[in-house]
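# Structural features, examined
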Amino acid sequence: MTTKPIPESHIGVFDSGLGGLTVLTSLEKILPNESFIYFGDTAHVPYGNKSADTVIHYSRNIMNFFLRHNTKAVVIACNTASAVACKELRNSFDIPLFDVVAPSAVHANNISKTRKIGVIGTHSTIFSKAYTRSLADIKSDCSTIEISCPLFVPLIEEGWSDTPVAKEIACSYLKPFQKTEIDTLILGCTHYPIMGKTIQEAMKSHVQLVYSGETVGRKLAAHLKKNNCTNDSGILGETRFYVTDFPQKFDELGSRFIGRKIKEKKIIYFSR
Ligand code: DGL
């Protein structure tokens with residue numbers, strides 16, 4: 001039996017760590033009246049080089065946490081978890097679940113004129129071919145070229161997104177795109193929006209970047225409206241943060257991702 005979601009309850013957003021804060025920022029902008037619980041699985045980060053089974057196991061723990069907190073919808077901000085765990089989670093949990101892969105694939109399909117789309121992400125996301133499958137699901141006539149860029153995440157976390165070394169690495173990873181006709185590039189990893197300027201400079205200037213926070217945010221907003229589940233209490237939403245390890249580091253690096261100090265209370269939740 002499906003329980004009716006309560007409009008005033010919060011939306012869950014989860015990621016392997018702090019990268020999902022880029023998605024949270026977009027969600028807060030698009031849905032200012034909603035409250036959010038952000039869950040960063042900092043004890044198990046990174047997900048991007050782990051097997052699908054392991055990522056599914058961690059993601060299940062987080063979904064159980066959200067279920068216990070009466071969450072009205074969950075956004076899988078993490079591209080890797082969206083790519084490899086979403087199907088299993090949908091089959092197991094009776095809660096509206098939003099992944100970041102499908103909305104970005106749909107958006108890219110809508111805007112590409114050359115019908116050639118590039119995708120960049122972690123090893124596991126690219127290995128899963130989730131974006132290519134998602135485009136096939138909507139019977140897109142676009143072809144894809146997918147490239148993993150594993151060094152981007154540590155560069156971004158070090159605060160080196162806009163340095164000469166980041167530019168050189170970006171040019172090297174993205175070089176294969178130069179010989180193609182792609183006009184749309186999906187940033188298939190939570191962290192990459194932070195490096196958007198460097199990535200854009202390494203691409204031909206007409207290539208449009210697709211940001212998953214924006215595409216999933218629009219989809220979530222439409223869902224809440226359609227199901228009469230928007231928070232219309234008139235009180236501005238608030239965000240709470242939970243991490244599974246090292247809250248100090250989350251504070252420090254997270255503020256850079258979210259563009260404000262994370263001074264709200266954090267509670268450490270140890271998942272096994
Ligand atoms: N959040 C991950 C993603 O979007 C990147 C970091 C990680 O590997 O855990 O794929």
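In the block above lies the structure referred to throughout.
Residues numbered from 1 in each chain as written. Predicted model: local features only at pLDDT ≥ 70, side-chain atom pairs only at ≥ 80, totals over all residues. Heavy atoms only, no water.

### Looking at the sheet that holds strand E10 (residues 266-268)
The following threshold applies: What makes two strands pair is DSSP finding at least two bridges between them. Helix and strand assignments follow DSSP, with helices taken as H or I runs no shorter than four residues and strands as E runs no shorter than two, numbered in order from the N terminus. Every axis in this analysis is a line fitted to C-alpha atoms, fitted for helices over the stretch in contact. Angles between the N-to-C directions lie between 0 and 180 degrees. Whether two residues are in contact is decided by their heavy atoms, any of which lying within 4.5 Å being enough.
The strand order across the open sheet formed by six strands is E4-E3-E1-E2-E9-E10, and the pairing between neighbours is parallel. Of all the strands in the sheet, the pair left with one neighbour each is strand E4 (97-99) and E10. The sheet shows a mean angle of 20 degrees between the axes of neighbouring strands, taken without regard to direction. Pairing of strand E1 (residues 11-15) with strand E3 (residues 73-76), which is carried by four bridges, proceeds in the parallel orientation. If you follow Phe14 over to E3, its bridge partner there is Ile76. Strands in contact with helix H2 (residues 52-68) are E1, strand E2 (36-40), E3, E4 and strand E9 (239-243); relative to E1, the strand with the most contacts, it is inclined by about 160 degrees.

### Here we look at the site of the ligand
Selection criterion: Near is defined per residue: the residue qualifies when any heavy atom it owns lies within 4 Å of the molecule or strand. We call two N or O atoms a polar contact when they sit within 3.5 Å, provided that within protein one can donate a hydrogen and the other can accept it, with sequence-adjacent residues counted only if both atoms are side-chain atoms. Residues are sorted three ways: Asp, Glu, Lys and Arg are charged, Ala, Val, Leu, Ile, Met, Phe, Trp, Tyr, Cys and Pro are nonpolar, and all the rest, Gly among them, are polar.
The local shell around the ligand holds 13 residues, among which Asp15, Ser16, Tyr47, Gly48 and Thr80 are the closest. Take Thr190: an N or O atom from its side chain is 2.9 Å from a nitrogen atom of the ligand. Of the residues assigned to the shell around the ligand, the class counts are five nonpolar, seven polar and one charged.

### Description of the sheet that holds strand E6 (residues 143-148)
Sheet architecture is open: four strands sit in the order E6-E5-E7-E8, paired in parallel fashion. Across the chains shown, the open sheet's two edge strands, defined by having one partner strand only, are E6 and strand E8 (208-211). Strand-to-strand twist of the sheet, defined as the mean angle between neighbouring strand axes without regard to direction, takes the value 25 degrees. Direction of pairing for strand E5 (residues 116-121) relative to strand E7 (residues 184-188): parallel, over a ladder of five bridges. Pairing of Val119 across the sheet is with Ile186, part of E7.

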